[in-house]
Each structure stands twice: as C-alpha cells, then as structure tokens.
Amino acid sequence: MIRYRVLVSGRVQGVFFRDTCRRLAEQYGVAGWVRNLPDGRVEAVFEGPAEHVDRLVDWAHHGPRHAVVDHIAIQPEPPEGLDTFRIT
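Remember, it's a predicted structure, so these values are computed and weren't measured experimentally.

## A look at the pairing of strand β1 (residues 2–11)
One face of the sheet, then the other: side chains in a regular strand alternate in exactly this way.
Phase 1: Pairing of β1 with strand β3 (residues 42–48) involves seven bridges; the strand directions are antiparallel. What sits directly across from I2, in β3, is G48.
Phase 2: For β1 and strand β4 (residues 68–77), the ladder comprises nine bridges, and the chain directions are antiparallel. Paired with V8 across the strands is I72, a residue of β4.

## Brief notes about the packing of aromatic side chains
Phase 1: If you walk through the whole model with that rule in mind, you get two aromatic pairs.
Phase 2: Between F17 and W59, the ring centres sit 4.8 Å apart and the planes meet at 50°, which makes this aromatic pair tilted. On the criterion of sequence distance, the pair formed by F17 in helix α1 (residues 17–28) and W59 in helix α2 (residues 50–60) is long-range, its members being 42 residues apart.
Phase 3: Given the relative accessible area of 3%, F17 is considered buried.

The rules we used
- Residues numbered from 1 in each chain as written.
- Predicted model: local features only at pLDDT ≥ 70, side-chain atom pairs only at ≥ 80, totals over all residues.
- Heavy atoms only, no water.
- Pairing = 2+ DSSP bridges.
- Helix = DSSP H or I, 4+ residues; strand = E, 2+ residues; numbered from the N terminus.
- Phe/Tyr/Trp six-rings, centres within 6.5 Å; stacked < 30°, edge-to-face > 60°.
- Buried < 20%, exposed > 50% of the residue type's maximum accessible area, 1.4 Å probe, protein only.

Any functional reading would require information beyond the geometric quantities listed.
Okay, structure coming up:
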C-alpha cells in the first residue's frame, strides 16, 4: 500500500480532470480524493496498491484529452487506510 499527494499545473481545470481522475481511480481500485485549487492547479491524493497508484500517477502526467499538463509534483505520504475516492 502506498500513498502520493500529486499537484498538477497547467490547463487542468475545466477539462474534466477531476471527474476522469475519479472514474479511473474507481476502475483501478485506488482510494483518495481530487480537488481544484484556487491558483488553477489540481491536487490529488492516491492511495492503494503500488501498481494501481503508479498507473494513476502516470495518467496525471497528461490528464484527460483537453488538459495541458505543464508540471506535476509528487510527494510520498504515509497511507491513511482510505477506502473510497471522491471529488472534494
């Protein structure tokens, strides 16, 4: 079990980033959350099996079709035992 906090910069709001992220997290069995930040970035926490979390992190490097990801910052954190994924 691993957990990453991910900050994504670029054109990532208003392009279905959060909803696509939620759907993929549910598909991969990853828990956590995703939200828009006031500065235009998207912040997410992915927690679950390493292989599945890594797939979501890989996806976050480009996001959904209309997103333009300029930068991604990834911070490992201790897992908290989350069991769902939500948009906050």
